[in-house]
Amino acid sequence: MINLENIQRIYFIGIGGIGMSALARYFSFHGKTVSGYDRTETALTKKLVAEGIPVTYEDKIEEAPKDTDLVVYTPAIPADHKQLSYYRDNNYTVVKRSDVLGAITQSSFNICIAGTHGKTTISTMVAHVLRHTGYGCNAFLGGIAANYNSNFWSSENNTCVIEADEYDRSFLKLNPDIAVISAMDADHLDIYGTEKNMQDSFIEFASKIKNNGVLFVKEGLVRENEFRAPAILKYSMKNASADIHPQNVRMMNGYYLFDVKVKNEIVDDVALNMGGLHNVENASVAIAIAKQLKIDDEAIRQAVEEFKGVKRRFEYIIKKKKLVYIDDYAHHPEELAALIKSAKSLFEDMKCTVIFQPHLFTRTRDLAEGFANSLDLADEVILLPIYPARELPIEGVTSELIKSKMNNRNVRIVEKKD
């Protein structure tokens with residue numbers, strides 16, 4: 001395990017990633033000298049620069065600082081990256097982002113939110129409730145919290161809320177006191193090989209919970225009986241007998257009003273200004289965690305009511321009487337289905353058009369049929385070319401693969417024009 005105490009200068013390769021930027025902000029907040037590289041300039045890298053964190057966009061050795069104490073990289077960086085190779089060849093301390101998070105969580109109380117979908121919203125909800133109520137936390141999030149326009153904040157309270165990423169088995173380096181597993185649908189099969197291997201990793205994550213810790217798990221997950229933790233609480237939107245269950249859910253002029261049963265207690269009249277019944281379920285487990293921390297019910301209510309959501313998670317860009325435009329990062333078939341069902345239930349008299357860009361060639365190859373089934377729920381679908389991110393093209397894997405499996409004929413592919 002790396003020792004962070006004597007490190008003063010840190011260089012991030014892939015600093016524009018959502019998880020990497022949160023770490024960069026953490027070290028900058030603590031007075032360290034932070035800089036980094038990313039392939040392209042984005043709104044996020046511009047904000048880092050505005051915060052005093054220099055970013056270079058050229059993979060040149062001369063652009064890499066030679067006096068750095070620690071180099072942090074994301075697994076999305078290719079192995080032949082020039083700067084990364086330089087640091088490795090010259091015996092610098094080079095570690096993955098997950099190693100740094102693991103080191104940070106060695107000496108803190110940690111709330112780690114895992115799941116193939118739902119984790120960004122739940123972790124942001126939990127961190128917001130802790131911040132808004134004055135409990136306090138250090139937040140390392142996988143999305144931009146709309147309330148604070150950031151994916152990181154700090155506190156004197158030595159409590160961390162961490163989005164626990166299953167990609168590259170990163171979450172196995174964390175040290176959770178409280179953990180959530182929201183979903184275990186097949187994903188990242190380029191890393192795990194099989195769905196069973198991925199499930200094994202979640203089971204191992206649950207086993208890492210410290211003594212006297214608690215696992216909150218969505219009821220009905222495959223192999224849920226194999227989870228081992230000091231205490232396990234199940235949450236469910238559908239099953240009223242679950243330990244945590246939202247009930248008496250009402251639609252009230254564009255927001256949800258509901259009660260939450262947490263074991264033998266009721267937190268009543270919770271208002272959530274966010275679309276989607278799945279977000280009522282997400283809010284319920286966030287409330288249960290706040291209750292576990294002995295936060296007052298009224299303070300919890302006020303915090304949830306003030307929650308503005310996460311950028312690109314059921315985010316309203318336009319909301320008019322005859323036109324609604326929702327932006328959502330849904331990049332898994334289950335997320336996509338939940339998004340479309342929620343939008344159609346909230347705006348049942350309107351035509352539902354989905355503009356979808358698949359993320360990653362491997363995910364499109366492995367889950368094409370699932371994407372097709374989810375997109376069939378829409379009235380009209382516009383498919384964009386696959387966003388490759390860290391991957392090279394795979395022969396025969398294009399957006400046409402999804403289209404070919406759809407029953408909905410009201411679908412077309414729009415190519416990018418230079």
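Residues numbered from 1 in each chain as written. Predicted model: local features only at pLDDT ≥ 70, side-chain atom pairs only at ≥ 80, totals over all residues. Heavy atoms only, no water.

Strands sit in the order β3-β2-β1-β4-β5 across an open sheet of five strands; the sheet is parallel. Only two strands of the sheet have a single partner each, and these edge strands are β3 (55–56) and β5 (94–96). Relative to β3, strand β2 (residues 33–37) is paired through two bridges, and the arrangement is parallel. Note on β3: the bridge partner recorded for Y37 is T56. Seen against the sheet, helix α3 (residues 82–89) touches β1 (9–13), β2, β3, β4 (70–73) and β5 and runs at an angle of roughly 135° to β1. (Pairing = 2+ DSSP bridges. Helix = DSSP H or I, 4+ residues; strand = E, 2+ residues; numbered from the N terminus. Contact = heavy atoms within 4.5 Å. Axes fitted to C-alpha atoms, helices over the stretch in contact; angles between N-to-C directions.)

Volume-wise, the second largest pocket comes out at about 290 Å³. Lining of the second largest pocket is provided by 14 residues; of these, L4, Y26, H30, I104 and S107 occupy positions nearest its centre. Of the residues assigned to the lining of the second largest pocket, the class counts are six nonpolar, seven polar and one charged. (1 Å grid on protein atoms, 1.4 Å probe; cavity = no way out; pocket = protein on both sides within 12 Å on 5 of 7 lines; lining within 4 Å. Points joined across faces, edges and corners; volume = space filled by probe spheres on them. Nonpolar A, V, L, I, M, F, W, Y, C, P; charged D, E, K, R; others polar.)

Moving on, we come to the packing of helix α5 (residues 119–132) against helix α8 (residues 277–292). Contact geometry for α5 and α8: axes closest at 9 Å, N-to-C directions at 45°. Between α5 and α8, the crossing angle belongs to the class labelled oblique. Taken as a pair, α5 and α8 cross one another with a handedness that is right-handed. Taking contact as the criterion, the partners of T121, I122, M125, V126 and V129 in α5 are, on α8, N279, N282, A283, V285, A286, I289 and A290. Grouping the amino acids of the contact of α5 with α8 by side-chain chemistry returns nine nonpolar, three polar and no charged. (Parallel < 35°, antiparallel > 145°, perpendicular 65-115°, else oblique. Left-handed = near helix turned anticlockwise from the far one by under 90°.)

Take the packing of aromatic side chains next. Throughout the structure, instances matching the rule amount to 15 aromatic pairs. Plain terms: the ring middles of Y87 and Y92 are 4.8 Å apart, the flat faces sit at 80° to each other, and that makes the pair edge-to-face. An angle of 10° between the planes, with centres 4.8 Å apart, marks the rings of F171 and F205 as stacked. Taken together, the residues span a long stretch of sequence, with F171 in the loop between β9 (159–163) and β10 (178–181) and F205 in helix α7 (residues 195–207) at a distance of 34 residues. (Phe/Tyr/Trp six-rings, centres within 6.5 Å; stacked < 30°, edge-to-face > 60°.)

With that settled, consider the nonpolar core. Core analysis: the biggest nonpolar cluster contains 45 residues, and F12, F27, I104, F140, I181 and F205 have the highest contact counts within it. It is helix α1 (residues 18–29) that contributes the most residues to this core, six residues altogether. Ignoring sequence-local partners within four residues, the contact set of F27 consists of L4, I10, F12, K32, V34, V100 and I104. Judged by nonpolar contacts, the second largest core, of 44 residues, contains W153, Y235, V285 and L293. (Core = buried A, V, L, I, M, F, W, Y, C linked by side-chain atoms within 4.5 Å. Buried < 20%, exposed > 50% of the residue type's maximum accessible area, 1.4 Å probe, protein only.)

Let's shift gears to the environment of G31. Positionally, G31 belongs in the loop between α1 and β2. Since its relative accessible area comes to 54%, G31 is described here as exposed. It is 43 Å that separates the C-alpha atoms of G31 and V324, two residues lying 293 residues apart in sequence.

A word on the sheet that holds strand β18 (residues 353–356). Sheet strands line up and pair through hydrogen bonds in the backbone, either parallel or antiparallel. Overall, parallel pairing links the three strands, which are arranged β18-β19-β20 in an open sheet. In this open sheet, the two edge strands, each paired with only one partner strand, are β18 and β20 (411–413). Across the sheet, the axes of successive neighbouring strands diverge by a mean angle of 15°, strand direction being ignored. Pairing between strand β19 (residues 380–383) and β20: three bridges, direction parallel. Directly across from V381, in β20, lies its bridge partner V411.

This next bit is on unusual backbone geometry. In the Ramachandran plot, N91 falls in the positive-phi region, its phi being about 60° despite a non-glycine side chain. Relative to the helices and strands, N91 resides in the loop between α3 and β5. Of note, N149 is a non-glycine position whose phi angle comes to about 50°, a positive value. Inspection of the secondary structure puts N149 in the loop between β7 (138–145) and β8 (150–153).

Now for helix α4 (residues 97–104). Among the eight residues in α4, seven count as buried, and that is most of the element. Of the positions making up α4, those classed as buried are R97, S98, V100, L101, G102, A103 and I104. Considering only its buried residues, α4 is in contact with α1, β4, β5, β7 and β9.

Moving on to the environment of T68. Its place among the elements puts T68 in the loop between β3 and β4. Along the sequence, T68 and Y87 sit 19 residues apart, while their C-alpha atoms lie 9.6 Å from each other. What T68 contacts, discounting residues up to four positions off in sequence, is R9, I10, Y11, Y87 and Y92. There is a polar contact of 3.1 Å between the side chain of T68 and the backbone oxygen of R9. Of note is the side chain of T68, whose polar atom sits 3.0 Å from the backbone oxygen of L70. (Polar contact = N/O pair within 3.5 Å; in protein donor to acceptor, adjacent residues only side chain to side chain.)

Further remarks concern the pattern of salt bridges. Proximity of charged atoms lets side chains of opposite charge pair with each other. Inspection of every chain in the model, using the stated rule, returns 22 salt bridges. E51 is the salt-bridge partner of K47, the closest N and O atoms lying 3.2 Å from each other. Relative accessible area serves as the criterion here: at 31%, K47 is assigned to the partly exposed category. Taking the shortest distance from any N to any O, the salt bridge between R365 and D366 comes out at 3.0 Å. By sharing partners, the salt bridges in this structure join K196, D200, R223 and E226 into a single network. (Salt bridge = Lys/Arg side-chain N within 4 Å of Asp/Glu carboxyl O.)

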